[in-house]
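Coordinate inspection notes
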Amino acid sequence: MLAKEFRIKFKKDFDNILKSRNKFFSNNFSLRFSQNNQDVSKFSIVVSAKISKKAVIRNQLRRRIFEILRLEMSNIKPGYSVMIFPKLGALLLDYQTLEQEIFYLLNKSRLLKNETR
RNA sequence: UUAGAUUGGUGGAUGAUCGCUUUUUAUUUUUUAUUAAAUAGAGAGAGGAAAGUCCGAACACCACGCUGUUUCCAGCAUUAAUGGAGAAAAUAGUUGCUAACGGCAAUCCUUGCAGGGGUGACUUUGCAAGAGGACAAGUGCAACAGAAAAUAUUCCUUUCCGCUUUGGCGGGAUAAGGGUGAAAUUCUAAGAUAAUUAGCUUAGACGCUCUGUUUCAAAAAAACAGAGAAGGGGUAAACUCUAUUCGGUGCAAAACCAAAUUAGGUAGGUUGCUAGAGCUAUUUAGUGAUAAAUAGCCAAGAUAGAUGAUCAUCUUAAACAGAAUUCGGCUUACAGCCAAUCUAACAUU
RNA sequence: GCCCUCGUAGUUCAACGGAUAGAAUAUGUGCUUGCGGAGCAUAGGAUCCAGGUUCGAUUCCUGGCGAGGGUA
């Protein structure tokens, strides 16, 4: 789990992200972000009830993604607010492939400091 | 011993690396302020159902002059004040427990299953289930079949009289038997009748209502006795009647502080927010639910939402599954293990 | 979090508590046509699940499951 300062807190921030046009997609995720004028990047993960009706499964998926982001934190550019939406297929993935997809998405949206093309 | 059913309990462990929320200690920096921040250490961190949101309460606010009972009509006017009527909804054997409940306990009754007794109707014991007031106040409903399904009344059989072309026809009597259906008018005796006989008359039994006595922890039921009324099929998860209960909104309630921007009280923040109808143990009272006393204990509190991720080992990704104001229930989901009871099979004595 | 509504053929809808659950459309087969379409005939196909009340339940009651909507 990420610490409080790296999580998006206010409704205003969510609205800003949803208004912005920065959208990127992979097979099992979609990602949206906008710039904020702060020193750190902030994250939020939204798991819809459509993905699973059970709260345990949704929580597990959310925690795994947060864990991946935490380990990548030093490599991410500061000053952005990012939302990640898993799709239905993300339930079937194991931890390794989740990690690869998240890394691919961040790279594609140019949020990483060391870009690899 | 094995298998199954029911009830109760439990609801992965250990280690490594990296984290999150919260409480607290130390050090450093900082502030008008023990204010705020950083680093390090220590402690705590989902459930038996946290779920469904099906009931009940606590608590908060809103509406209401007061009492009765937070509906209505009258009543009362702060040393005050009781009569009548009743919409919608909910509940329903009886007694008790509880803050309260549609929950729980005990018990009665009914139904089902099993064993014993009996030719049999039935009776008795055990277990299980039951939304279990009233159809003897009124109204409605009952396909098909059947004569007839409720102000109705002979299809067949039986029997008497008349007629007869001996095939039957007409008019009575008859509820003993048959047949239909899920269901067919409570039972008995006497009279009326040529005779037998549901309807008519009289008397009684069963059942109903009320009263008394016995039994019982208590009440109901039951048994016995007395009185009364009426004429008695089913159905109220049909209308309805009887008795009882009942204001509305839900912690995103609500209170406080408070930018941009004077106000309003918006953004945002703090409180509400975890010491409680609390948990554990013992004793006492009670058939029991439960209550009382004594002793000990403090056990998540997040806020777009912490309680985790990866790896290894054990015995297998352990089953169902994630607190959101808080409790009491109900319902639904649930692998493995442990205990008790019951059932079946096998083995031994 | 709280509140409300609805589940019937593949689809859109019917059906007083009475039993063969109906209609349109779609699907299959046949007829028609040189072939196809249209048309005609015919066949199969459903009450979300589990209990209960009742002689009898799509209908009444209870509990699940699923779908949709509202509100802050």
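**Things to note about helix α2 (residues 55-72)**
Relative to the 26 Å expected for 18 residues at 1.5 Å per residue, α2 spans 26 Å between its end C-alpha atoms, a close match to the ideal helical length. Buried within α2 are the following residues: L61, I65, F66, I68, L69 and E72. Buried residues along α2 cover an arc of 155° about the axis, so they all sit on one side. Structural note: α2 exposes V56 and R63 on the side pointing more than 90 degrees away from its buried face.

**Observations regarding the protein's contact with RNA strand B**
Taken together, 19 residues sit near RNA strand B, with K4, F14, K54, R62 and R70 positioned nearest. Take the atoms of RNA strand B that sit within 4 Å of the protein: sugar and phosphate atoms are 88% of them. Between a phosphate oxygen of RNA strand B and a side-chain N or O atom of R62, the distance comes to 2.9 Å. Take the surface near RNA strand B: its biggest share by element is eight residues, from α2. Of the residues contributing to the surface near RNA strand B, the split by class is nine nonpolar, one polar and nine charged.

**Details of the pairing of strand β3 (residues 42-45)**
Where burial is concerned, the two faces of β3 agree: the one with K42 and S44 and the one with F43 and I45 are both buried. Two elements, β3 and strand β4 (residues 80-86), share four bridges in a ladder whose sense is parallel. What sits directly across from S44, in β4, is M83. Taking the sense of rotation as the criterion, the β-α-β connection linking β3, α2 and β4 turns out left-handed.

Parameters and conventions
Positions within a chain are numbered from 1, following the residues in the order the chain's sequence is written. Written order decides the labels, with chains lettered from A and ligands numbered from 1. Where local features are concerned, this predicted model is filtered to residues with pLDDT of at least 70; where side-chain atom pairs are given and counted, the filter is 80 or more; whole-chain, interface and lining totals use all residues. With hydrogens and water excluded, all non-hydrogen atoms of the structure serve as input to the side-chain values. By the criteria applied, helices consist of DSSP H or I runs no shorter than four residues and strands consist of E runs no shorter than two, each listed in order from the N terminus. The span you would expect from a helix comes to 1.5 Å times its residue count less one. Accessible area is worked out with a 1.4 Å probe on protein chains only. A residue is then buried under 20% of its type maximum, exposed over 50%, and partly exposed in between. The arc in question is formed by the directions pointing from the helix axis toward the C-beta atoms. Proximity is defined per residue: if any heavy atom of the residue lies within 4 Å of a molecule or strand, that residue is considered near it. Counted as a polar contact is a pair of N or O atoms within 3.5 Å, where, for protein atoms, one must be capable of donating a hydrogen and the other of accepting one, and residues adjacent in sequence contribute only when both atoms are in side chains. Here the term charged refers only to Asp, Glu, Lys and Arg, the term nonpolar to Ala, Val, Leu, Ile, Met, Phe, Trp, Tyr, Cys and Pro, and the term polar to all other amino acids, Gly among them. A pair of strands is considered paired only if DSSP assigns at least 2 bridges between the two. Seen with its strands pointing away from the viewer, a crossover is right-handed if its path from the first strand over the helix to the second goes clockwise.

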